[in-house]
Amino acid sequence: MISNQILQSTLNGIKDISKVDLCVTDTDGKVLASTVSDSDKYSSQALNFIESQADSQIVSGWEFFKVFDENQLEYILMIKGSTADLNVLGRMVVFQLQNMIVAYKERFDKDNFVKNLLLDNLLLVDIYNRAKKLHIEAENPRVVFIVETNREKEGGELDVIRSLFVTRRDDYVTAVDENNIIVVRELSEGEDIKTLFKVAESMLGVLKTEGNRDVHVAFGNVVTDIKDVSASYKEAKMALDVGKIFFEEKDIVAYAQLGIGRLIYQLPLPLCKIFIKEIFGQKSPDEFDDETLVTINKFFENSLNVSETSRQLYIHRNTLVYRLDKLEKSTGLDLRVFEDAITFKIALMVVKYMKYLEEMEF
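Residues numbered from 1 in each chain as written. Predicted model: local features only at pLDDT ≥ 70, side-chain atom pairs only at ≥ 80, totals over all residues. Heavy atoms only, no water.

> Before we move on, can you summarise the side chain of R185 with the specific residues and values?
Note on placement: R185 falls in strand β8 (residues 180-186). Reaching out from R185, the side chain makes a polar contact with the side chain of E191 at a distance of 2.8 Å. (Helix = DSSP H or I, 4+ residues; strand = E, 2+ residues; numbered from the N terminus. Polar contact = N/O pair within 3.5 Å; in protein donor to acceptor, adjacent residues only side chain to side chain.)

> Lay out the packing of helix α7 (residues 229-246) against helix α13 (residues 338-360) with the relevant residues and their values.
For the pair α7 and α13, interaxial distance at closest approach is 9 Å and the crossing angle is 115°. Classified by the angle their axes make, α7 and α13 are roughly perpendicular. The two elements α7 and α13 meet at a crossing, and its hand is right-handed. The residues of α13 that touch α7, namely those facing D241, I245 and F246, are M349, K352, Y353 and Y356. (Axes fitted to C-alpha atoms, helices over the stretch in contact; angles between N-to-C directions. Parallel < 35°, antiparallel > 145°, perpendicular 65-115°, else oblique. Left-handed = near helix turned anticlockwise from the far one by under 90°. Contact = heavy atoms within 4.5 Å.)

> So what about the packing of aromatic side chains? Which residues, and what values?
Aromatic rings in a pair are described by how distant their centres are and how their planes are angled relative to each other. Evaluated as defined, the whole model comprises six aromatic pairs. Aromatic pair Y42 and W62: ring centres 5.3 Å apart, planes at 55°, arrangement tilted. Of this pair, Y42 sits in the loop between β2 (31-34) and α2 (43-51) while W62 sits in strand β4 (residues 62-69), and the two are 20 residues apart along the sequence. Accessibility expressed as a relative area gives 2% for W62, which makes it buried. Relative to F344, the ring of F280 has its centre 5.5 Å away and its plane inclined at 90°; by these criteria the two rings are edge-to-face. Here F344 lies in helix α13 and F280 lies in helix α9 (residues 269-280), a separation of 64 residues in the sequence. (Phe/Tyr/Trp six-rings, centres within 6.5 Å; stacked < 30°, edge-to-face > 60°. Buried < 20%, exposed > 50% of the residue type's maximum accessible area, 1.4 Å probe, protein only.)

> Give a detailed account of the sheet that holds strand β1 (residues 21-25), specifying residues and quantitative values.
Across the sheet, which stays open at both edges, the five strands sit in the order β2-β1-β5-β4-β3 with antiparallel pairing between neighbours. Of all the strands in the sheet, just β2 and β3 (56-59) have a single pairing partner and so form its edges. Each strand of the sheet is rotated relative to its neighbour by a mean of 25°, with strand direction disregarded. Pairing between β4 and strand β5 (residues 72-80): seven bridges, direction antiparallel. The residue of β5 that forms the bridge with F64 is M78. Packed on one face of the sheet, helix α1 (residues 4-18) meets β1, β2 and β5 and runs near 35° to β2. Along the sheet, α2 makes contact with β1, β2, β3, β4 and β5, crossing β4 at roughly 55°. (Pairing = 2+ DSSP bridges.)

> Go over α13 with me, naming the residues and quoting the values.
Taking 1.5 Å of rise per residue, the 23 residues of α13 would be expected to cover 33 Å, and the 33 Å separating its terminal C-alpha atoms lies within 8% of that figure. Among the residues of α13, D340, A341, F344, A347, L348, M349, V350, V351, Y353, M354, Y356 and L357 are the ones counted as buried. Considering only its buried residues, α13 is in contact with α7, α8 (260-265), α9, α10 (290-301) and α12 (317-331). (Expected span 1.5 Å × (residues − 1).)

> Can you explain α1? Please cite residues and give values.
Given a rise of 1.5 Å per residue, 15 residues ought to cover 21 Å, and the 21 Å separating the end C-alpha atoms of α1 matches this to within 8%. Looking at α1, one finds that the buried residues are L7, T10, L11 and I14. Buried residues of α1 fall within an arc of 95° about the axis and therefore sit on the same side. Among the exposed residues of α1, those oriented more than 90 degrees off its buried face are Q5 and D16. Once α1 ends, the next one or two residues include K19, with phi positive near 65°. (Arc of directions from axis to C-beta.)

> Tell me what's going on with the environment of Y172, and back it up with residues and numbers.
Mapped onto the elements of the fold, Y172 is located in strand β7 (residues 172-174). Separated by 178 residues in the primary sequence, Y172 and V350 have C-alpha atoms spaced 36 Å apart. Contact partners of Y172, with chain neighbours within four places excluded, come to K110, V114, I136, I182, V183 and V184.

> Break down the packing of helix α5 (residues 157-164) against helix α6 (residues 193-209) for me, with residues and values.
Orientation of α5 relative to α6, taken along the N-to-C sense of each, is 135°, at an axis distance of 10 Å. The orientation of α5 relative to α6 falls into the category oblique. Once α5 is placed against α6, the crossing between them reads as right-handed. Of α6, the residues touching α5 (which contributes E157, V160, I161 and L164) are S202, M203, V206 and L207. Of the residues belonging to the contact of α5 with α6, the class tally is six nonpolar, one polar and one charged. (Nonpolar A, V, L, I, M, F, W, Y, C, P; charged D, E, K, R; others polar.)

And the structure:
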């Protein structure tokens, strides 16, 4: 079914060109779109016309037309004007509406196919058969983006994202839940991960311009077979979760750049607890005071460089050495030693992951 908004826009455009008034009702006589304000009073006449055998007729200065979807009556078109070619114009509008119905049905069928493809709801043989029927190439490279808006799509975010891809007939924009918009994008020759980041930035930018500040975009790996689109979707979902845990400062996260965060994300909670206990005993690294945590994070940011870290913290080098010595006595780990630093860094990430799992339980 064509949206009422699109119907209204179409009628407005036709009136601007032809200078005649138009109205479209459903098969119950309800007005869906109109260029006049009093079109409701013609609903009963529209219902009478539906019961007639005629495809068109003139009543009270309006000419009525039936708009079919194949053999099923879909709309009643009413058109009013003084031109002698009113019947010809009416039939042209009917033709336009019927073509719009076909286009919307095709888009709905493709949207439904893509949703089931993402959710692994199709058998392998059905994937290829339906793709062929819908004229979707099976072996073109594709990647899946997830745009998380963190609110129900009342603000038209789905339409905003669709507008970015309106000229790309082989890209698909859909939604499988209330908060996330899914984009299945087909890659052209020469496009790489830099291109994908630019695409993500364009989606992020347009939504923030619309007033949605809490937006995150993630994307999976490129796949070359349509049956693997669901794999790219799952990777994008993982990238979105891992990004929230380990890369809070990033609005765009790629699955291919998750690093060790991807490994930690797949660890079971009991194994995480055993690891933390082996390293710190009963103490957890997130129990350190703010001064110690700031020192640790800055030390890591500067690749274990004592001089640069002390300079950025505005403290004497000896003060930093004292803090690191104090931390070593508390944990048995000397962050100036690469192996100990790696262990401590992983431990901090594991604790973040454990907190995430605990929050998800509530």
